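# Fold and contact review
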Amino acid sequence: MRRDIFQAIADPTRRAILVLIAVQAMTPNAIATHFNITRQSISKHLRILNECDLLAQKQDGREIYYELKIDKMNEVDAWLDQFRKIMEQQFLQLDDVLNTLKNNNK
Amino acid sequence: MNMLFDFTINKETKTIHITREFAAGPDLVWDAFTKAEILDKWVAPKPMRLQTKEMDFREGGRWLYGMIINDTPPSRFSLAEFIKITPKTSFTTRNSFVDENCNAISSASSITTNTFKEGGAGTIVHIEKVMSSLEALEMMATNGFVQGTEAGMKNLDEYFSNIAATK
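As a convention, each chain's residues are numbered from 1 in the sequence order in which they are written. In the order they appear in the text, chains get letters beginning with A and ligands get numbers beginning with 1. For this predicted model, a pLDDT threshold of at least 70 governs which residues receive local features, and a threshold of 80 or more governs which side-chain atom pairs are given and counted, while totals over whole chains, interfaces and linings are taken from all residues.

## Digging into the overall build of chain A
Helix and strand counts for chain A come out as 5 helices and 2 strands. Along its sequence from the N terminus, chain A presents helices and strands in the succession α-α-α-α-β-β-α. Radius of gyration: C-alpha atoms only; globule rule: 2.2 Å multiplied by the number of residues to the exponent 0.38. The C-alpha atoms of chain A give a radius of gyration of 22 Å, which is well past the 13 Å a tight globule of 106 residues would have. Within chain A, contacts between residues separated by at least 24 positions form 54% of all contacts whose residues are at least 6 apart in sequence. A run of H or I in DSSP counts as a helix once it spans at least four residues, and a run of E counts as a strand once it spans at least two, with each numbered from the N terminus. Think of it this way: build a C-beta for each residue from its backbone, and any pair within 7 Å is a contact.

## A look at the nonpolar core
Counting 16 residues, the largest nonpolar core has A:Phe83, B:Ala136, B:Leu137, B:Met139, B:Met140 and B:Ala141 as the members making the most contacts within it. Elements with a contribution of two residues or more to this core: α5 (70–105) of chain A together with β2 (15–22) and α3 (134–141) of chain B. Among the elements that line this core, the one with the most residues is α3(B), at 6 residues. With sequence-adjacent residues up to four places away left out, B:Ala136 is seen in contact with B:Ala108, B:Ser109, B:Ser110 and B:Met131. By convention the nonpolar core is taken to be a set of buried residues drawn from Ala, Val, Leu, Ile, Met, Phe, Trp, Tyr and Cys and joined through C-beta atoms within 7 Å. Here a residue counts as buried when 20 or more other C-beta atoms sit within 10 Å of its C-beta, as exposed when there are 12 or fewer, and as partly exposed otherwise, the C-beta atoms being derived from the backbone. With 15 residues, the next largest nonpolar core counts A:Leu98, B:Phe22, B:Trp42 and B:Phe116 among its residues.

## What about the environment of A:Ile17?
Residue and element names in this part refer to chain A. Its location among the elements puts Ile17 in helix α2 (residues 12–23). We classify Ile17 as buried; it has 27 C-beta atoms within 10 Å. Each C-alpha atom of the pair Ile17 and His34 lies 8.9 Å from the other, and the pair is 17 residues apart in sequence. For Ile17, the residues in contact, after removing those within four places along its chain, are Ile31, His45 and Leu49.

## Here we look at the interface of chain B and chain A
Every contact between the two is made by 31 residues of chain B and, on the other side, 26 residues of chain A. Elements represented by at least two residues in the side of chain B that touches chain A include exactly β1 (5–10), β2, α1 (26–34), α2 (36–42), α3 and α4 (150–166) of chain B. Among the elements that line the side of chain B that touches chain A, the one with the most residues is α3(B), at 5 residues. Only Asp, Glu, Lys and Arg are considered charged, only Ala, Val, Leu, Ile, Met, Phe, Trp, Tyr, Cys and Pro nonpolar, and every remaining residue, Gly among them, polar. Partitioning the side of chain B that touches chain A into residue classes produces 20 nonpolar, 4 polar and 7 charged.

Here it is, written out as structure tokens:
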């Protein structure tokens with residue numbers, strides 16, 4: 001199942017994890033030291049982030065490091081930016097239409 | 001004249017807020033958002049054209065429309081179902097994308113509330129869109145996969161390869 005990025009950022013702990021691993025790659029244990037919750041629930045959050053395709057994994061010896069796939073986070077912003085541009089253009093077109101309609105009513 | 005245009009997003013609640021002022025009275029702006037013959041003139045980003053297939057502006061009614069590029073008739077349509085209408089004040093739609101037989105092509109949808117107020121240069125329109133998922137945003141940003149720009153097509157390529165990779 002491909003999860004949604006919105007699902008990742010809906011939870012405050014997951015948002016905090018994303019902020020941490022955006023700065024540097026970290027092991028699950030290192031991540032866990034920043035939170036007052038069980039190691040098990042950190043694993044659960046990491047699993048969800050991974051299912052959202054937000055995590056890149058690096059193996060170093062026996063340790064696994066997680067870091068943020070920045071591109072994936074940027075995807076949301078790219079879609080938003082594109083949608084914003086569509087809306088801007090639509091409204092400029094509406095300005096013209098309203099202008100024409102106003103003149104016709106005179 | 002520079003018109004107020006405000007676009008903000010709340011990612012946690014998947015909500016987009018848009019505020020725009022228009023240099024026309026509320027009655028005219030209301031018509032521009034609710035009458036097919038006017039909507040057809042401005043909603044499609046040029047060079048696309050909008051074609052209304054059905055319009056029944058009443059609670060429980062719907063607006064079904066497609067985008068035409070290079071004279072190619074649309075095979076995908078946007079569906080806006082009117083949930084609540086307060087005449088000259090606001091209306092709420094459920095928006096989704098469907099095929100020519102009106103079957104949903106995706107579970108992605110959004111709920112949009114448009115509110116009209118006298119003010120600014122004439123009328124201030126506030127639009128609130130609550131998206132069901134990131135996919136809803138992707139579809140809104142591409143008009144249901146028929147965006148004409150190169151950037152849009154590039155995004156779609158990535159989108160399709162992502163889907164292919166997860167299957």
